[in-house]
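# A closer look at the structure
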Amino acid sequence: MSGYETITYEKKNKIAFITLNRPQVLNIYNVRMRDELYEVLGAVKEDSEVYAVILKGAGEKAFCAGADLSEFLSAPSPTGARRSRWLRDVWGRFLSLPQPVIAALHGYVLGSGIEMSMCCDIRIASEDAQFGLPEVALGIIPAAGATQTVPRTIGLGRALDLLLTGRRINAQEALQMKLINRVVLKERLFPEAESLADKIAGWDQCAVRAIKQAVSRGLDLPLEEGLKLEKEIII
Amino acid sequence: MKGKLEITHPAEGLALLTINGTGKNNHADVGLAGELRQLCEDINFDSGIRAVIITGAARKGFCSGTAGGKKSAFSLSGPVAALNCPVIAAISGEASGMGLELALACDIRLASVRARFSLPHIEKGLVPSDGATQRLPRLVGRAKAMELMLTGETITARDALQIGLVNRVLPQKELLPYALEMGRNMAGKASLALKYCKEAVMEGLDMALGQGLHLEGDLYFLLHTTADRTEGITAFKEKRKPRFKGK
């Protein structure tokens, strides 16, 4: 599909492929990418032909090395920046997709890169992947959900270790910490992601979507209510 | 002043609290709890302190419950959980009962190979009452938390690492140097960002995800007003080390 500058979008056999496409700058996230992701995710959400989504990065070196800092310090005001954050809530849109989303991670997965992958449902990484949340070293905190999504995925103790130290970890340690689901050889990364998406796309889609919803909404509820939700959703 | 809790400043912005309780296992009592409460209050008021390390005195354990395992009316974890800067526990030897509950209130737990962990309350017909029934399942999951509390069993540093109770296990000699290095590192970062990061994580876990994301966003944009943020980003662009002022 056309018109995008920072991403590419492709649909093949019920699978949507979203590729972060600024390989010359390690796919760093900028305002343009935000707007394009916002738009494409909106289309994917409504597209009943899409059964599963794969999010990946173009080029050899990175899935996404974080935010484009050249755009920082240029916002008109904190209140204006806050307003745009919620007018174009790209992370909320990621989380609201009814289809399962698989993140295929290689090379640098830093800052917003990790955060974007945490908005996905399953994370596969190649052996060369490196992870880190360097925000505190810049005098800021993560703003694409990491303070919320990371502890919910890997637990409080491990999350604070990554967030408060800003240290880098490799794919093996990320696997051990449960930050990612599996590690594969680099040349197997995209094929593995695709075969996983194929598998999911082969199931009954009502069941797939119901499971995703019951799990993600259920985590926000007391157990009793979660159990009620599970019953109502499956019927 | 010779109390049961010593405070030193091994680096600028870093406070090291050393617990010197009774006996080899470093038992807690009401005196220690009082000193800890006072110190933690002082630290929260003193914007010069940007990171805290808590450890046990040399050749003693980290900290254990009351001598004899008696029920206690005081709290060690409460004041520490209320600290708004990052807190590292450096644990060697025994961390049991209330001592383990104290460690659970810290943000990062480092252990030496000699560390041992247990919640033996059940053996005396008691329940953990300084936070473990709430903090432990949130940290290691329900199954492992139940096992530790319902059996009263002691686990090793390796086991603790595997279940996520501690972040790292180090040789005995390297424990404190490692903790100090980590603490120095944190104390050199932007203190407001560290505090807000901790606040977003801790408060956010008690909220629905959507609310937590809003909290994170609000704290993020509040940091837009700080000099440290401008310095951090400018330094990155200029490829130099930032000089943070906590403002």
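In this text, all values refer to a predicted model and were calculated from it rather than measured experimentally.

Rules used throughout
Residues numbered from 1 in each chain as written. Chains lettered and ligands numbered in written order. Predicted model: local features only at pLDDT ≥ 70, side-chain atom pairs only at ≥ 80, totals over all residues. Heavy atoms only, no water. Helix = DSSP H or I, 4+ residues; strand = E, 2+ residues; numbered from the N terminus. Buried < 20%, exposed > 50% of the residue type's maximum accessible area, 1.4 Å probe, protein only. Lys, Arg positive; Asp, Glu negative; His and termini not counted. Salt bridge = Lys/Arg side-chain N within 4 Å of Asp/Glu carboxyl O. Polar contact = N/O pair within 3.5 Å; in protein donor to acceptor, adjacent residues only side chain to side chain. Contact = heavy atoms within 4.5 Å. Buried area = accessible area lost by both parts, 1.4 Å probe. Pairing = 2+ DSSP bridges. Disulfide = S-S within 2.5 Å. Domains from an automatic or database assignment. Nonpolar A, V, L, I, M, F, W, Y, C, P; charged D, E, K, R; others polar.

## Digging into the side chain of B:R50
Residue and element names in this part refer to chain B. In this fold, R50 is placed in the loop between α1 (30-45) and β3 (51-56). Lacking a salt bridge, the buried R50 has E12 as its closest oppositely charged neighbour, with an N-O distance of 4.0 Å. Of the polar contacts made by the side chain of R50, one reaches the backbone oxygen of E12; its length is 3.5 Å. Contacts of R50, omitting those with residues within four sequence positions, involve E12, G13, C85, P86, A187, K189, S191 and L194.

## A few points about the interface of chain B and chain A
Contacts between the two partners involve 50 residues from chain B, matched on the other side by 37 residues from chain A. Carbon and sulfur atoms make up 70% of the area that chain B and chain A hide from each other, which totals about 3900 Å². Of all residues in chain B, B:L209, B:E216 and B:F221 bury the most surface against chain A, accounting for 16% of the area lost on that side. On the surface where chain B and chain A come into contact, there are 2 salt bridges.

## Describing the sheet that holds strand β8 (residues 130-132) of chain A
All names here are of chain A. One open sheet accounts for 4 strands, arranged β4-β6-β8-β9; its pairing is mixed. Taken across any chain shown, the strands that pair with only one partner, and hence form the sheet edges, are β4 (62-64) and β9 (169-170). In this structure, strand β6 (residues 108-110) lies alongside β8, joined through 3 bridges in parallel fashion. Bridging from a neighbouring strand, L110 pairs with G132 of β8.

## So, the state of the cysteines
Residues and elements named next belong to chain B. One pass over the structure, following the stated rule, counts 0 disulfides over all chains. Here C63 stays free of any disulfide, with the sulfur of C106 as its closest cysteine sulfur at 11 Å. Here C106 is not cross-linked by a disulfide; its sulfur's nearest cysteine counterpart is in C40, at 9.1 Å. Classification of C106 by relative accessible area gives buried; the value is 4%.

## Notes on the domain arrangement of chain A
Residues and elements named next belong to chain A. Each domain of chain A was delimited in the assignment, giving domain 1 (7-201) and domain 2 (205-234). Taken together, the contacts link 11 residues of domain 1 with 4 residues of domain 2. Counting each side, the surface lost to burial between domain 1 and domain 2 is near 670 Å², with a carbon and sulfur contribution of 46%. Of all residues in domain 1, Y51, P98 and I200 give up the largest surface area on contact with domain 2, accounting jointly for 48% of the area buried on that side. Inspection of the domain 1/domain 2 interface yields 1 salt bridge. In this structure, K212 and D121 form a salt bridge, with 2.8 Å as the shortest nitrogen-oxygen distance. Across the domain 1-domain 2 interface, the total number found is 4 residue pairs in polar contact (both at pLDDT 80 or more). Among the residues making up the side of domain 1 that touches domain 2, the classes are represented as 8 nonpolar, 1 polar and 2 charged.

## With respect to the pattern of salt bridges
Tallied over the entire structure, the rule returns 23 salt bridges over all chains. Where A:D68 meets A:R22, a salt bridge forms, and the shortest distance between an N and an O atom there is 3.2 Å. Of this pair, A:D68 sits in the loop between β4 and α2 (78-87) while A:R22 sits in the loop between β2 (15-20) and α1 (31-46), and the two are 46 residues apart along the sequence. Overall, the relative accessible area of 9% leaves A:D68 in the buried class. For B:D218, the salt bridge goes to A:R82, with nearest N and O atoms at 2.7 Å. Placement of B:D218 in helix α9 (residues 209-223) and of A:R82 in helix α2 is noted, with the two residues assigned to different chains. The network of salt bridges with shared partners includes A:D161, A:R167, A:E173 and B:R168.

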